[in-house]
Amino acid sequence: MADRTEPPHIVVHSPALDGSRRVTSGDETLGVASHIDDVGEILRLADLYVTDVEGADLIEWQGGGPEDWPGLSEEHHKA
């Protein structure tokens, strides 16, 4: 039986061609983020309340850090 006390391993994957980034926990896709705020919301909806998404140890950022949202970050601010 799996150890339930171990924190989940969250991965924010490399940006897709449109700049969005898939967010996973293990084999499960939690959602697709187009901005760092989306990552926090996706985690909240998964009952993983992370107050500092950029500095959380349980999040692995692949293909760039929390500031890397090519192609979408400008559009997010216009909305």
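Residues numbered from 1 in each chain as written. Predicted model: local features only at pLDDT ≥ 70, side-chain atom pairs only at ≥ 80, totals over all residues. Heavy atoms only, no water.

J.: So what about the pairing of strand E3 (residues 28–33)? Which residues, and what values?
T.: Pairing geometry for strand E2 (residues 21–25) and E3, over five bridges, is antiparallel. In the strand pairing of E3, Thr-24 is matched with Thr-29. Hairpin connection between E2 and E3: a loop of two residues separates the two successive antiparallel strands, and Gly-26 in this loop has a positive phi of roughly 65 degrees. (Pairing = 2+ DSSP bridges. Helix = DSSP H or I, 4+ residues; strand = E, 2+ residues; numbered from the N terminus.)

J.: Go over the environment of Gly-19 with me, naming the residues and quoting the values.
T.: Looking at the element boundaries, Gly-19 is found in the loop between strand E1 (10–12) and E2. For Gly-19, a relative accessible area of 0% corresponds to the buried category. Distance from Gly-19 to Ala-33, taken between C-alpha atoms, is 9.0 Å for residues 14 residues apart in sequence. (Buried < 20%, exposed > 50% of the residue type's maximum accessible area, 1.4 Å probe, protein only.)

J.: Would you mind going over the packing of aromatic side chains in detail, with residue names and values included?
T.: Under the criterion given, the structure shown has zero aromatic pairs. Here the basic side chain of Arg-21 rests over the ring of Trp-69, its NZ or CZ set 5.2 Å away from the ring centre. (Phe/Tyr/Trp six-rings, centres within 6.5 Å; stacked < 30°, edge-to-face > 60°. Lys NZ or Arg CZ within 6 Å of the ring centre and 35° of its normal.)

J.: Please give an account of the environment of Glu-54 that cites residues and values.
T.: Along the polypeptide, Glu-54 turns up in the loop between helix H1 (36–45) and strand E4 (59–61). For the pair formed by Glu-54 and Pro-66, sequence separation is twelve residues and the distance between their alpha carbons is 5.7 Å. If near-sequence neighbours (up to four positions away) are discounted, Glu-54 is found in contact with Ile-36, Trp-61 and Pro-66. (Contact = heavy atoms within 4.5 Å.)

J.: A description of the nonpolar core should follow, citing residues and the corresponding values.
T.: In terms of nonpolar packing, the biggest core is built from 14 residues, with Val-23, Val-39, Leu-43, Val-53, Ile-59 and Trp-61 touching the most fellow members. Those elements giving two or more residues to this core turn out to be E1, H1 and E4. In terms of residue count, the dominant contributor to this core is H1 (four residues). Contacts of Ile-59, omitting those with residues within four sequence positions, involve Ile-10, Val-12, Leu-43, Val-50 and Val-53. (Core = buried A, V, L, I, M, F, W, Y, C linked by side-chain atoms within 4.5 Å.)

J.: Please set out unusual backbone geometry residue by residue, giving values where relevant.
T.: In the Ramachandran plot, Asp-47 falls in the positive-phi region, its phi being about 60 degrees despite a non-glycine side chain. Along the chain, Asp-47 falls in the loop between H1 and E4.

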